[in-house]
Amino acid sequence: MVQPLFLRPVFKERIWGGTALREEYGYDIPNDQTGECWAISAHPNGPSIIENGPYAGMALDELWDKHPELFGHPKEEVFPLLTKILDANMDLSVQVHPEDSYAKVHENGDLGKTECWYILDCKEGADMIFGHNAKTKEELIEQINEGKWNELLRRVKIKPGDFFYVPSGTIHALCEGTLVLETQQSSDTTYRVYDYDRRDAEGNLRDLHLEKAIDVTTVPHQNTGVAPKVEERKYLTITTFVESEFFSVYKWDVRGKSTFSLPDQYLLLSVINGDGALIHDEERYPLKKGTHLIIPVGFGEFAIDGVCQLIVSHS
Ligand code: ZN
């Protein structure tokens, strides 16, 4: 019988990180500057470990290689997605990511990185950096070289529940006081454009990658506003945020027992609020805020009971 795959996250210390992952999600974080929870990951820099069932203790990248049937015998060589929760206790560096073809050549075969953000929480009046104002590549280079950051960078206001699609080539940065669930291509390639001239504990500036960043930045900026689609069922609201070539992302708002039967596609689930249970073949698996799992191919019909919100994605 096919079981759900519950996952143990991996945590990353970051100079901009904080303690929200412990306070909000109850995670046993390694220190008070924890910036990233790699919740559903098969990336070599931090793969999740399966917690239950016949594959308990196995890393997700190994499971992908050894049991392709759980993923519908995929054509992709590596697990294509990565789900993270980010605690931006301070501003993140301004950055941009390459697309697949550029990353393949310049980053040792890593994937490109298109990502998207669901704003879990943020402080009143929070904003983020999303895109730039340069009209030509020359203007982009000039403003970067002259450090005209206020003119160059676009700022947008954010609030909890907002969703942003961030294609590769988009200059972006999360700003102080933001908690985000990120769904992205499984990639760890970031080109840093500007880091507010911050120094680490040893007094060092972090590297910038201006040449590559200028190479991959889309000019002029393209607005990628998404219009979420909402579907109401009896005890369930499904919001479709995006259906792109890289991933589709949804929110499931469960208010009582709701049944799902899925096409031949594995699903990534993250519980972002509330609690409940996943019911499948007479088994009840508890779900609580901060639980992450994969529903494999061949799982068939299942139900979610309780009052909870989930971010759901597939490739
Ligand atoms: Zn990014």
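You'll find the structure just up there.
Everything quoted here is computed from the prediction, not taken from an experiment. (Residues numbered from 1 in each chain as written. Predicted model: local features only at pLDDT ≥ 70, side-chain atom pairs only at ≥ 80, totals over all residues. Heavy atoms only, no water.)

1. Overview of the sheet that holds strand S2 (residues 10-18)
Sheet strands associate in pairs through backbone hydrogen bonding, adopting either a parallel or an antiparallel arrangement. As summarised here, the arrangement of the six strands in space is S2-S3-S5-S12-S7-S10, forming an open sheet in which the pairing is antiparallel. One side of each edge strand has no neighbouring strand; the edge strands of this open sheet are S2 and strand S10 (163-166). The mean inter-strand angle of the sheet, taken between neighbouring strand axes irrespective of direction, is 25 degrees. Both S2 and strand S3 (residues 34-40) contribute to a ladder of five bridges, which runs antiparallel. In the strand pairing of S3, Val10 is matched with Trp38. (Pairing = 2+ DSSP bridges. Helix = DSSP H or I, 4+ residues; strand = E, 2+ residues; numbered from the N terminus. Axes fitted to C-alpha atoms, helices over the stretch in contact; angles between N-to-C directions.)

2. Observations regarding the layout of surface pockets
To find the voids left in a structure, one rolls a probe of water-molecule size over its atoms. When its volume is computed, the largest pocket comes out at roughly 600 Å³. Taken together, 21 residues form the lining of the largest pocket, with Glu76, Glu77, Val78, Pro80 and Leu111 sitting closest to its centre. Listing elements by their share of the lining of the largest pocket, those giving two or more residues are helix H2 (60-66) and helix H3 (100-106). For the lining of the largest pocket, the element with the highest residue contribution is H2, accounting for three residues. Taken together, the residues of the lining of the largest pocket sort by class into eight nonpolar, five polar and eight charged. Reported here for the second largest pocket is a volume of approximately 370 Å³. Forming the walls of the second largest pocket are 22 residues, and the residues nearest its centre are Arg14, Trp16, Glu36, Gln95 and Thr190. (1 Å grid on protein atoms, 1.4 Å probe; cavity = no way out; pocket = protein on both sides within 12 Å on 5 of 7 lines; lining within 4 Å. Points joined across faces, edges and corners; volume = space filled by probe spheres on them. Nonpolar A, V, L, I, M, F, W, Y, C, P; charged D, E, K, R; others polar.)

3. Digging into the coordination of the zinc ion
Taken together, the protein ligands of the zinc ion are Gln95 (OE1), His97 (NE2), Glu115 (OE) and His172 (NE2), with distances of 2.1 to 2.7 Å. Each of the four donor atoms bound to the zinc ion contributes to angles spanning 79 to 160 degrees, and the resulting shape is irregular. Site description for the zinc ion: donor spacing in sequence, Q-x1-H-x17-E-x56-H. Of this pair, His97 sits in the loop between strand S6 (94-96) and H3 while His172 sits in strand S11 (residues 172-174), and the two are 75 residues apart along the sequence. Accessibility expressed as a relative area gives 2% for His172, which makes it buried. (Donors = N, O, S within 2.8 Å, 3.2 Å for Na, K, Ca; no water. Tetrahedral: all angles 85-135°; square planar, octahedral: opposite > 155°, others 65-115°. Buried < 20%, exposed > 50% of the residue type's maximum accessible area, 1.4 Å probe, protein only.)

4. Side note on the packing of aromatic side chains
The full count for this structure, using the stated rule, is 19 aromatic pairs. Relative to Phe79, the ring of Trp64 has its centre 5.5 Å away and its plane inclined at 85 degrees; by these criteria the two rings are edge-to-face. With Trp64 in helix H2 and Phe79 in the loop between H2 and strand S5 (81-88), this residue pair connects regions lying 15 residues apart in the sequence. Judged on exposure class, the residue Trp64 and its partner Phe79 are both buried. A centroid spacing of 6.1 Å and a plane angle of 75 degrees characterise the contact between Phe71 and Phe79, whose relative ring orientation is edge-to-face. Classification of Phe71 by relative accessible area gives buried; the value is 3%. Given a relative accessible area of 2%, Phe79 falls into the buried group. Through a chain of ring-to-ring contacts, three or more aromatic side chains come together here, namely Trp64, Phe71, Phe79 and Tyr266. The ring of Trp38 carries Lys12 above its face, with NZ or CZ at 4.5 Å from the centroid. (Phe/Tyr/Trp six-rings, centres within 6.5 Å; stacked < 30°, edge-to-face > 60°. Lys NZ or Arg CZ within 6 Å of the ring centre and 35° of its normal.)

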